[in-house]
Structures are given as C-alpha cells and as structure tokens.
Amino acid sequence: MWGKMIEEVLKTAEDIKTMRIRGAARIARSAADALRLVAERSEAKNVEEFLEELNKAARLLLNTRPTAVSMPNAVNFIVRKARRTAASGSLKEVREAVVSAAREFIENSLKALEIIGELGAKRIKKGDVIMTHCNSSAAISIILKAAEQGKVEEVYATETRPRFQGRLTAQQLAEKGVKVNLIVDSAARYFMNEVDKVIVGADAVAVNGAVVNKIGTSLIALAAHEARVRFYVAAESYKFSPATIYGELIEIEERPPQEVVDEEFLRKYPRIRVRNPAFDVTPPEYIDLIITDKGVFPPQALFIVLKDEFEWVIEDLYPEIKVVEED
Ligand code: RI2
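It should be emphasised that the depicted structure is a prediction, and the values quoted were computed from it without experimental measurement.

Requested: an account of the sheet that holds strand β6 (residues 211-214), with residues and values cited.
Strand order in this open sheet of three strands is β5-β6-β8, and the pairing throughout is antiparallel. Looking along the sheet, the strands with just one partner apiece sit at the ends: β5 (204-205) and β8 (279-282). Pairing between β6 and β8: four bridges, direction antiparallel. In the sheet register, Val211 faces β8, and the bridge partner there is Thr282. Packing of helix α9 (residues 217-226) onto the sheet brings it into contact with β6 and β8, and relative to β8 it is tilted by some 35°.

Next up, the structure:
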C-alpha cells in the first residue's frame, strides 16, 4: 500500500519542485493535503509503522524547495500532532490526528488570507496606485479587497522574470475588473513615482523582520525607499522562520539555468555561467509594515508577537531547549 501512497506523495513533491504547484501558501497546503492522504490510506499495522510512513512522506515533501518556510511549518505542525497523539493513542487516533491537523492547517491558511485582505485593505486609501511583484495570494487578497471597496486606482504588476508569475497576477486582477499595467521588472523604478504603495508577499520572514521573497523584491524595495513610497509585505504568520531565532540563515533556492536561457544558448556559450536565484532578502529597514493574520506590525516587532505561536516549533527544532510552561 505504501507503494500506491508514495506515488501520490511523489507526485505532489514533483509538482512542487517543477512549480506546477507554487506560491508559498499553496505549497504548504498541498503538503498538508498529501500528509492527510497518507493518513487516510495507510495500511500500517501499528503506530510505529505509521509514523515511519509519515516521516518518509514528510521528508519527500521537505526536499522539494528549500526557501518557503511555510511548508516545513505546515509539515511540523502535522507531524508533531501525530507524535503527541502517538504517546498514548491508538493507531486509529494517530491517523485521525493527522487528518484533522492537516484540515486545520488548510482551513487556517485560507482564513489567514481573508484576514490579511481585510487588515491590508484598511491601509489603502481611495485613489491609491499599487505596485506588486510576482504572484502572491496574500498580496492579491489585499489588492482585491481594497478594489472591492473602490479604493484602488490602478496596479502595476511586474512580469517577474524568469517564470513570469506577474502575468498570473495581472490576469487575476484584470478578471476582477482592476485596472492593471503589466511592466517588465526593470521598469519598476521608472514607474515608482506614480505609485503610492508597494505590496508584495513573502516566502519566509526572519526573526529580525527581513523578508525573503521572489528575486527582484529587494530592488523594488530599494526603489520604493528612494521614492519614499510605502512598502508593505503580506505574510501569513506561518511564513515566520523559527530557525532564524537561533541564527540559522534561510537558504535561497537557485533554480536551473534553463529557466533563464534555452538549451541552445547554454550549448553555444559553455563559458557563460547562468545564475538563477529564485529569491532575495529585503532588509527590515526597507519594509514599513508586515500585514499578517495576527495583526499589522513593523517588521522588527513581528517576532515579539509570534514568539508564543512558535514555541512548539522551537522545542522541536532544538529539543535541548526547554520552553518553560507558565502555570
Ligand atoms: P503566497 C512565491 O514563490 C512568490 O515569491 C510569492 O511572493 C510568494 O511565493 C508568496 O506567495 P514561487 O513559488 O504564499 O512563485 O502569498 O517561487 O501566495
């Protein structure tokens, strides 16, 4: 049975790797859903066997894309619930715990998007021109909510080389009647003077409030800073990277050169090394606000608010560090 199940998990993993499934939030929800399937279809004979299957599936998923921390946070949330239940529960109870934890994560993730939309829209003024980069469901949630309230004048969407996710953003906004301009990434500074607010998403947020997001984000943040344009990040609380509390760096994924140039070019110019980092880091100094499902904060304050939420992850990552429970 593991053979059949592993096929499903492998398929999800492959879809994430090749970016058929993409966007930090969607990646996390798909991983959660894959673990739910494992729990529903498992034919493990006992708790140990099941936990082994679950770990195997978790590892497969975690080895797909290294940067978006949403996925390890989702996987940890579910695996931890399973382990906790396994301490005294039956096989049936452990499997049920996985199914309900996965459902809870997915539901909360979708709810978070709505909350971010509501909170973010409050920061948009009537007549605002907004710039966005890549294709972030959280950033789009804010733009659409503000547009619904009649506040968005128009949007500049960067095309987002090399995968052109900005075209998706432009389509999604245009479908909802938002006036949208699709621009090449390098035109961001050219148009910045016409923009009131930049809103982007996040793949990970570090403890100091630095934001890891699609390559090019930090350049746009610099241009916004120079032009004194507000720069907002829309990020669900599960985009926070607990490992950064202990000084871990967030790994920046580098993707194949074939996403940038074709095979013929690579063959013709073997001496040219094509670099293709998928993300960059925007320092907190260039970010005005991070809009989350737990509220809206300046980047430096985010950790203080999310600390309690992540105590369980910290304990798991660093078991030697005991989180003291207050009574
Ligand atoms: P949501 C995407 O990464 C982009 O960097 C986007 O800004 C970020 O995930 C967050 O997207 P990729 O998967 O979670 O396109 O807000 O490499 O949808």
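Any details on the pattern of salt bridges? Residues and values, ideally.
Inspection of every chain in the model, using the stated rule, returns 20 salt bridges. Here Arg20 makes a salt bridge to Asp15, at a shortest N to O gap of 2.8 Å. The buried category is assigned to Asp15, whose relative accessible area is 9%. Connected through salt bridges with shared partners, the residues Arg65, Arg163, Glu253, Arg255 and Glu259 form a single ionic network.

Summarise the packing of aromatic side chains; cite the residues concerned and give the values.
A complete count under the given rule lists six aromatic pairs for this structure. Both rings, one in Phe105 and one in Tyr238, keep their centres 4.9 Å apart while their planes meet at 55°; by these two values the pair is tilted. Of this pair, Phe105 sits in helix α5 (residues 91-121) while Tyr238 is found in the loop between β7 (230-234) and α10 (263-268), placing the two residues 133 residues apart along the sequence. Accessibility assignment for this pair places Phe105 and Tyr238 in one class, buried. The interplanar angle of 50° and the centroid separation of 4.9 Å between the aromatic rings of Phe265 and Tyr269 together place this pair among those described as tilted. Looking at Tyr269, the relative accessible area reads 36%, which means it is partly exposed. Three or more aromatic residues link up through ring pairs in this structure, and these residues are Phe77, Phe105 and Tyr238. Against the face of Phe164 rests Arg167, its NZ or CZ located 4.0 Å from the ring centre. Sitting over the face of the ring of Phe279, Lys214 holds its NZ or CZ atom 4.4 Å from the ring centroid.

Please set out the site of the ligand residue by residue, giving values where relevant.
Taken together, 18 residues lie near the ligand, and Arg22, Ser137, Asp203, Asn213 and Lys214 sit nearest. For the ligand, an oxygen atom lies 2.8 Å from a polar atom in the side chain of Arg65. Notes on the ligand: free accessible area 450 Å², of which the protein chains cover 98%. Of all the secondary-structure elements, those providing two or more residues to the shell around the ligand are α2 (24-41), α6 (137-148) and β6. Class assignment of the residues belonging to the shell around the ligand gives a composition of seven nonpolar, six polar and five charged. The two domains that each donate at least three residues to the shell around the ligand are domain 1 (2-113 + 312-316) and domain 2 (115-309).

Could you give an account of α2, naming the residues involved and the relevant values?
When the terminal C-alpha atoms of α2 are compared, their 26 Å separation across 18 residues agrees well with the 26 Å that a helix rising 1.5 Å per residue should span. In terms of burial, α2 is a largely internal element, 14 of the 18 residues being buried.

Can you lay out the sheet that holds strand β10 (residues 295-297) for me, pointing to particular residues and giving the numbers?
Note: strands within a sheet are paired through backbone hydrogen bonds, in either parallel or antiparallel orientation. As summarised here, the arrangement of the seven strands in space is β3-β2-β1-β4-β7-β9-β10, forming an open sheet in which the pairing is mixed. Two strands lie at the open edges of the sheet, namely β3 (180-183) and β10, each paired on one side alone. Within the sheet, the average angular offset between the axes of one strand and its neighbour, ignoring direction, is 25°. With three bridges joining them, β7 and strand β9 (residues 289-292) adopt parallel strand pairing. What sits directly across from Tyr232, in β9, is Leu289. Relative to β9, α5 is tilted by about 140°, and along the sheet it contacts β7, β9 and β10.

Reading the values: rules and limits
Position numbers for residues count from 1 along each chain, tracking the sequence in the order it is written. Local features in this predicted model are restricted to residues of pLDDT 70 or higher, and side-chain atom pairs are both shown and tallied only at a pLDDT of 80 or more, whereas totals for entire chains, interfaces and linings draw on every residue. Side-chain metrics rest on all non-hydrogen atoms present in the structure, leaving aside hydrogens and water. Criterion used throughout: strands pair if DSSP finds at least two bridges between them. The helix count covers DSSP runs of H or I at least four residues long, the strand count covers runs of E at least two residues long, and both are numbered beginning at the N terminus. Residues count as neighbours in contact if any of their non-hydrogen atoms are within 4.5 Å of one another. Here the axes come from fitting lines to C-alpha atoms, over the contacting stretch only for helices, and the angles between their N-to-C directions go from 0 to 180 degrees. We define a salt bridge as a side-chain nitrogen of Lys or Arg found within 4 Å of a carboxyl oxygen belonging to Asp or Glu. Burial here depends on accessible area, computed with a 1.4 Å probe over protein chains only, as a share of the maximum for the residue type. Under 20% is buried, over 50% is exposed, and the range in between is partly exposed. When the centres of two rings from Phe, Tyr and Trp lie within 6.5 Å, Trp using its six-membered ring, the rings pair. Their planes under 30 degrees apart give stacked, over 60 give edge-to-face, and anything left gives tilted. Whether a charge sits over a ring comes down to the Lys NZ or Arg CZ being within 6 Å of the ring centre and within 35 degrees of the ring normal. We call a residue near a molecule or strand as soon as one heavy atom of that residue lies within 4 Å of the molecule or strand. Pairs of N or O atoms are called polar contacts if they sit within 3.5 Å, as long as, within protein, a hydrogen donor faces a hydrogen acceptor (for residues adjacent in sequence, only side-chain-to-side-chain pairs). Under the convention used here, a 1.4 Å probe and the Shrake-Rupley method define accessible areas, while residue burial counts only the protein chains that appear. Think of it as three bins: nonpolar holds Ala, Val, Leu, Ile, Met, Phe, Trp, Tyr, Cys and Pro, charged holds Asp, Glu, Lys and Arg, and polar takes everything else, Gly as well. Here the bounds of each domain stem from an automatic or database domain assignment. For a helix, the expected span equals 1.5 Å multiplied by the number of residues minus one.

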